[in-house]
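# Working through the structure, step by step
Residues per chain, in single letters:
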Amino acid sequence: FYTAIATTKMTATARKVVAGLGLSAHFDLVLGSDGIPCKPDPAVLHAVFFKLFGEAAQDASQGLARRRGMMIGDTDHDIVAGRRAGLRTCAVGWSEVPRERLVAARPDHLVDHFSEVVDLILSMDSALRRAL
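Thresholds applied
- Residues numbered from 1 in each chain as written.
- Predicted model: local features only at pLDDT ≥ 70, side-chain atom pairs only at ≥ 80, totals over all residues.
- Heavy atoms only, no water.
- Helix = DSSP H or I, 4+ residues; strand = E, 2+ residues; numbered from the N terminus.
- Buried < 20%, exposed > 50% of the residue type's maximum accessible area, 1.4 Å probe, protein only.
- Contact = heavy atoms within 4.5 Å.
- Areas by Shrake-Rupley, 256 points an atom, 1.4 Å probe, with all protein chains shown as cover.
- Salt bridge = Lys/Arg side-chain N within 4 Å of Asp/Glu carboxyl O.
- Patch = residues over 30% accessible without salt bridge, like charges linked within 9 Å, V, L, I, M, F, W, Y side chains within 5 Å.

Our focus in this paragraph is the overall build of the chain. For the chain, the count of helices and strands is six helices and five strands. If you list the helices and strands of the chain from N to C, you get β-α-β-α-α-β-α-β-α-β-α. A total of 132 residues make up the chain; the buried ones form 34% of that total. Within the chain, contacts between residues separated by at least 24 positions form 40% of all contacts whose residues are at least 6 apart in sequence. With an accessible surface of roughly 7,900 Å², the chain has 56% of that area assigned to carbon and sulfur atoms.

Within this structure, the stated rule accounts for three salt bridges. With a shortest N-O distance of 2.6 Å, Lys-39 and Asp-78 are connected by a salt bridge. You can see Lys-39 sitting in the loop between β2 (29–31) and α2 (43–53) and its partner Asp-78 sitting in helix α4 (residues 76–84), a full 39 residues away along the chain. Notably, a salt bridge pairs Arg-99 with Asp-112, separated by 2.8 Å at the nearest N-O pair. Remark: Asp-112 occurs in the loop between β5 (109–111) and α6 (114–131) and Arg-99 occurs in helix α5 (residues 99–104); sequence separation between them is 13 residues. Residue class for Asp-112 comes out partly exposed when judged on its relative accessible area of 37%.

Turning next to a nonpolar patch on the surface. Taken together, the side chains of Trp-94, Phe-114, Val-118 and Leu-122 present a nonpolar region at the surface, about 410 Å² in accessible area. Considering the arrangement of structural elements, one finds Trp-94 in the loop between β4 (88–92) and α5. A relative accessible area of 44% places Trp-94 in the partly exposed class.

Spelled out as structure tokens, the structure:
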């Protein structure tokens, strides 16, 4: 599977933050909203798919990848953008956004600990491997 960061920050800024946290090796792509609409518009998520999969991102087969993908976010805008892009969604409970707003965005999952995010990703990967 691939991991990516899709943010409303500028790409250069996002990459500096990720590098500064020592996390660059954990992501295949870090992409900002440079010149494209910000979330809750799904444009940055579509751009991530295009950068990872190229023209294949337009194919029907990519629909399957999107259904198996997940947008993990700490704002209601993240969750709405993920839903609009056809992704499963997971809201994280350690957000500065009030929990009620996160719940109102209707995430598929709402977690309170990072270990739960890891468990979700591992279970998705396991399900994908069984499906193949």
